[in-house]
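As a plain string of letters, each chain reads:
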Amino acid sequence: AEVAVAVGPDTVGPDVAATVIRIPPDQLQLGELRFEATLPGARDTGRTLALVTFSEQWAVTNLDDVLALLRYFGHEEEIRRMREALPAERTELWRDFWKATDPDSMTPENEALTAYFRRVLIANLRFREESETGWLTDRGEVYVTVGEPDREERYDDVRTGRTVIRWTYFSGGETILLYFVNELSLHSYRLTFSSRVEYQRLLSRVRRRETTSSD
C-alpha cells in the first residue's frame, strides 16, 4: 500500500486543514523513513518516523532478509543480481524486479509477492518440525511454491513402520502424488526421491502458468 502522512491543524496551525503525501511502494527503501514538514515563515519543523517493511506479514527492514525469504519465489537470476549488486545499484534493481513480477500494475500492491509471503507465513504456522522453521521444511517448500494440495492423507506403512503423508494435486488433467515420510523422527517429514522428481515437474508447470498469465 501507499504511505500516507496527514498533517492536521493542531500540528501546523489553523491555516492548513490537512495534507496527505503518497509515495508509491517501489520508490521506498526498507528501514526507517523520516518525514519533515515546514511551512513558509514558520519557525518549527514537524517531524515523524515510519518503519518501511516488505509485507504486512513480516517486519523485514533490509533487502538481504527479503532476498533470503524469496528463495522459493523463482526469478533466481534477478535475485542473484540484487544480492551481488553494490548498495547504490540495488534500489533500481529492486524497482525492476517489483515491476517484472507484479501481475497488476494498476494497483500499488504486488499481488504475487503478497500471496507468496502469505504462504510462507501459513507454512511457518503449519509445518514447523522440531527446530526447523516451517517454510524451510519439505512440506513448507512444496506448500509455498505450488500451494495447498487438493487432498491430504496420512497413514502408517506396515512394511517400514513409518508414517506417510500423501499430498494429491490435480494439475492439467493429471494426478500428481507426493509422499512425505518421517525418516528422521516422528515429527520430521521428507519428500521421497521419486516424489521430489514429481514435485519438480509440478513446479515447472506452475512456473510456466505464472509466466503465461503475467505476459
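Below you will find a few notes about this structure. (Residues numbered from 1 in each chain as written. Predicted model: local features only at pLDDT ≥ 70, side-chain atom pairs only at ≥ 80, totals over all residues. Heavy atoms only, no water.)

## Let's talk about the overall build of the protein chain
Next, step 1: The number of helices and strands found in the protein chain is 7 helices and 8 strands.
Next, step 2: The buried share among the 215 residues of the protein chain stands at 38%.
Next, step 3: Put simply, of all contacts in the protein chain between residues at least 6 apart along the chain, 38% involve residues at least 24 apart.
Next, step 4: Only carbon and sulfur atoms are counted for the fraction: they give 50% of the accessible area of the protein chain, which is about 13300 Å². (Helix = DSSP H or I, 4+ residues; strand = E, 2+ residues; numbered from the N terminus. Buried < 20%, exposed > 50% of the residue type's maximum accessible area, 1.4 Å probe, protein only. Contact = heavy atoms within 4.5 Å. Areas by Shrake-Rupley, 256 points an atom, 1.4 Å probe, with all protein chains shown as cover.)

## A closer look at the nonpolar core
Next, step 1: Among the nonpolar cores identified, the biggest contains 35 residues, and L70, W94, Y116, V142, W167 and L178 are the most heavily contacted of them.
Next, step 2: With 5 residues, the top contributor of residues to this core is helix α5 (residues 111–126).
Next, step 3: With sequence-adjacent residues up to four places away left out, Y116 is seen in contact with L69, L70, R71, Y72, F73, W135 and V144. (Core = buried A, V, L, I, M, F, W, Y, C linked by side-chain atoms within 4.5 Å.)

## Quick notes on the side chain of N182
Next, step 1: Within the secondary structure, N182 sits in strand β7 (residues 174–185).
Next, step 2: When residues no more than four places from it in sequence are discounted, the contact partners of N182 are R162, T163, S188 and Y189.

## A closer look at α5
Next, step 1: With 16 residues, α5 ought to run about 22 Å at 1.5 Å a step, and its terminal C-alpha atoms sit 22 Å apart, in line with that.
Next, step 2: Within α5, the full set of buried residues consists of L113, T114, Y116, F117, V120, A123 and N124.
Next, step 3: Buried-residue contacts for α5 involve α2 (63–69), α4 (87–101) and α6 (138–146).
Next, step 4: Put simply, N110 is the residue that caps the front of α5, since its side-chain oxygen is 3.2 Å from the backbone nitrogen of A112. (Expected span 1.5 Å × (residues − 1). Polar contact = N/O pair within 3.5 Å; in protein donor to acceptor, adjacent residues only side chain to side chain.)

## Some thoughts on the packing of aromatic side chains
Next, step 1: What the rule picks out here adds up to 9 aromatic pairs.
Next, step 2: Ring pairing ties together the aromatic residues F73, W94, F97, W98, Y116 and F117, which thus form one cluster. (Phe/Tyr/Trp six-rings, centres within 6.5 Å; stacked < 30°, edge-to-face > 60°.)

## Here we look at the environment of E132
Next, step 1: Considering the arrangement of structural elements, one finds E132 in the loop between α5 and α6.
Next, step 2: Classification of E132 by relative accessible area gives partly exposed; the value is 32%.
Next, step 3: C-alpha of E132 to C-alpha of S188: the two residues are 56 residues apart in sequence and 8.9 Å apart in space.

These figures come from the coordinates and say nothing about function on their own.
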